Amino acid sequence: MPPLARRNLFHDKIRLTVTLTGIVFAVVLIVVELGLFVGFTVTTSGLIDHSNTDLWVTSKHVPYIELGAPFSERKLSQVKAVPGVAEAQKFITQWTQWQCPDGRTESVQIVGINPDSELGRPWNLVEGRVEDLKTPDAIIVDELYKKKLGVTRIGEVFEINHHRARVVGFTNGIRAFTTSPYIFTTFKNAQDYSRIPLDQTVYLQVKVAPGADLGQVRQSIQNRLKDVDVVTNSQFSRMTQVYWMFTTGAGLAVLLAAILGLVVGFVVVAQTIYATTMDHLKEFGTLKAMGAPNRYIYRVIIAQAAMSAVMGYVLGMGVSFFVVHASQQGGAAILLPLPMAVGMFFLTLVMCVGAATVSISKVTSIDPAMVFKG
Amino acid sequence: MQSAISVRNLVKTYAEGATGVTALRGVDLDVYRGELVLLMGPSGSGKTTLLSIMGCILTATSGSITVANREVSTLNEKALPGVRLEHIGFVFQGFNLFPTLTAGENVELMLDLKGIRGRQARERAAKLLDQVGLASKYDSFPANLSGGQKQRVAIARALAGDPQIILADEPTAALDSHTGRKVMEMMRDLAHEKGRAVVIVTHDSRMVDLADRTIHIEDGLIANPAPVNEPVMPAIPQGVVTGWFAENPGLNFA
């Protein structure tokens, strides 16, 4: 087939630029918003997803991890006695106040763990060791929040809720959705920093023995402990994600912005392809007069749309990669998993071809007799 | 002799609001292969409407149309493009070339519609352009061609489908008299070679001497009707090539 679609597309370079700008805008906006959505979702449940835990014991009706309420730590021994339980640890996460060197106060989330256990440990350590938490007043902070908390190096001493805290390590990439940084420390320190009574814990983390049935162990613990909830790690993760992303409306907001990007891209592409079609209406009329079936003309228009989609996608993803990379050092990570990048290609294609249907309906109604009108 | 196109009692009415405009009021006409027929008449007389109906671009309000021995007046609109593609080539006043395609690619487009592609299409397009004297213009865009050259490309494109009928609407209107004459001579020779039926709508009375027959249309009727079914011109024996195509043999790609 003679390159009619390609030539028509490149014939008017200004119009092509407008078309591609619209597509790039749509691609970047959708990628950024969906990337934020994925990033936010992953961030909300980060503590749970990286906890290496199978089951969580919580006080009744805890909807998300930040809203745990204290309960008696004596339940720990009851949990350990349940058949199928390989390990159980106490775990705290609570908000408290951090005193910055310049006098400011920042809200932080204390995370109290057992450094000798694999459960609930900080991840992505770039300086220091988790074992260093066993030294007095030790804390581990994420690099992303150094400036916010006034931290510069290991060994610095700060005040958390009128208690001493000494930095022994840094992680990288542990974001808190609430923007209150996580401060990892021992369970004992966490009780001090957050004023949790010494005989209380906020959560119990449970590791199931290899070969044991997760559902049965969960039920057994639930049967033994009446005034708590027992949820799987994936359940707790999902509950936390759903709360932050949808109950608060944050997720809906970014999804709406992504949909807006799609609509804008659709409108721009529809308008420019329609304008191009109108410019070439006489040619399409000539094609019809020559005996071309409608589907032949549709192929030309769809080919234009598809070529625009490919070019716009490549340019848009180039910009998106740059934005995603730049966001990695910020408080809100934009994630671009490979399936999303691939899906974005097909979405761009659908958007552009869908936008071309406006033009297709126009050429369908062309009266071939127009070719005789000079 | 069997006609290439035959219309009987053709009526065409355009509806305009509460009233209608009758462009054709009962036209009878036969066009035979091997003849060049001019349709002439004042503006609004119905010439282009008649040409459009003969070319299966418009449908008649009533009457019958036979194209290449096929009754087309009862065909639905979806079937008409196939008839045009198979039997009819068009040449337009404004050339109607695709500006973003080269001369060769414009001809290839017609071949593509006929299912001829790739190297075969390129070779045939080159041959056609050669036959109209534009072999060196294969890679030229229409913007770089003169009016006469554009019309010759359009003729080559119309011939690419090997139609037995060529319909042209004012093909010389945008050309100077000398160039227009040359184009008309080419179309006359098309009619006399291989028995193509050529029908041309024109206002230019200087071209009458080139035609085998001139039909005058006024107020939707033929003003000088010939008796039905009687050939007006002596049949050209098959295989005899005259004029322009004698000097440029080989316009046979069947």
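Residues numbered from 1 in each chain as written. Chains lettered and ligands numbered in written order. Predicted model: local features only at pLDDT ≥ 70, side-chain atom pairs only at ≥ 80, totals over all residues.

A closer look at the overall build of chain A
Across its full length, chain A holds 12 helices and 12 strands. For chain A, the C-alpha radius of gyration of 29 Å lies well beyond 21 Å, the compact-globule estimate for 374 residues. Overall, chain A is about 95 × 50 × 30 Å in size when its C-alpha atoms are taken along their principal axes. Of all 374 residues assigned to chain A, the portion counted as buried reaches 46%. Pairs at least 24 apart in sequence give 83% of the contacts found in chain A among residues at least 6 apart. (Helix = DSSP H or I, 4+ residues; strand = E, 2+ residues; numbered from the N terminus. Rg over C-alpha atoms; globule rule 2.2 N^0.38 Å. Buried ≥ 20, exposed ≤ 12 C-beta atoms within 10 Å, placed from the backbone. Contact = placed C-beta atoms within 7 Å.)

Overview of the overall build of chain B
Summing up its helical and strand segments, chain B has 7 helices and 10 strands in all. For chain B, with 254 residues in total, the buried portion stands at 50%. Counting contacts in chain B only where the partners sit at least 6 residues apart, residues at least 24 apart contribute 70% of the total.

Observations regarding the interface of chain B and chain A
Taken together, the contact pairs 24 residues of chain B with 21 residues of chain A. Listed by contribution, the elements that provide at least two residues to the side of chain B that touches chain A are helix 1 (47-54), helix 2 (80-87) and helix 3 (103-113) of chain B. Ranked by residues supplied to the side of chain B that touches chain A, first place goes to helix 3 of chain B with 6 residues. Looking at the side of chain B that touches chain A residue by residue, the classes come out as 11 nonpolar, 7 polar and 6 charged. (Nonpolar A, V, L, I, M, F, W, Y, C, P; charged D, E, K, R; others polar.)

Re the packing of helix 4 (residues 118-131) of chain B against helix 5 (residues 147-160) of chain B
Residue and element names in this part refer to chain B. Running from N to C, helix 4 and helix 5 cross one another at 130°; their axes reach a closest spacing of 9 Å. If you check the angle between helix 4 and helix 5, you find them oblique. The interaxial crossing formed by helix 4 with helix 5 has right-handed handedness. The residues of helix 5 that touch helix 4, namely those facing Ala125, Leu128 and Leu129, are Ala156, Leu159 and Ala160. When the residues that make up the contact of helix 4 with helix 5 are grouped by side-chain class, the tally is 6 nonpolar, no polar and no charged. (Axes fitted to C-alpha atoms, helices over the stretch in contact; angles between N-to-C directions. Parallel < 35°, antiparallel > 145°, perpendicular 65-115°, else oblique. Left-handed = near helix turned anticlockwise from the far one by under 90°.)

As for the nonpolar core
Counting 182 residues, the largest nonpolar core has Val27 and Val57 of chain A together with Leu39, Val107, Met187, Val198 and Val199 of chain B as its most contacted members. Ranked by residues supplied to this core, first place goes to helix 2 (residues 13-44) of chain A with 14 residues. Residues within four places of Met187 of chain B in sequence aside, it is in contact with Leu36, Ile166, Ala168, Val198 and Ile200 of chain B. (Core = buried A, V, L, I, M, F, W, Y, C linked by C-beta atoms within 7 Å.)

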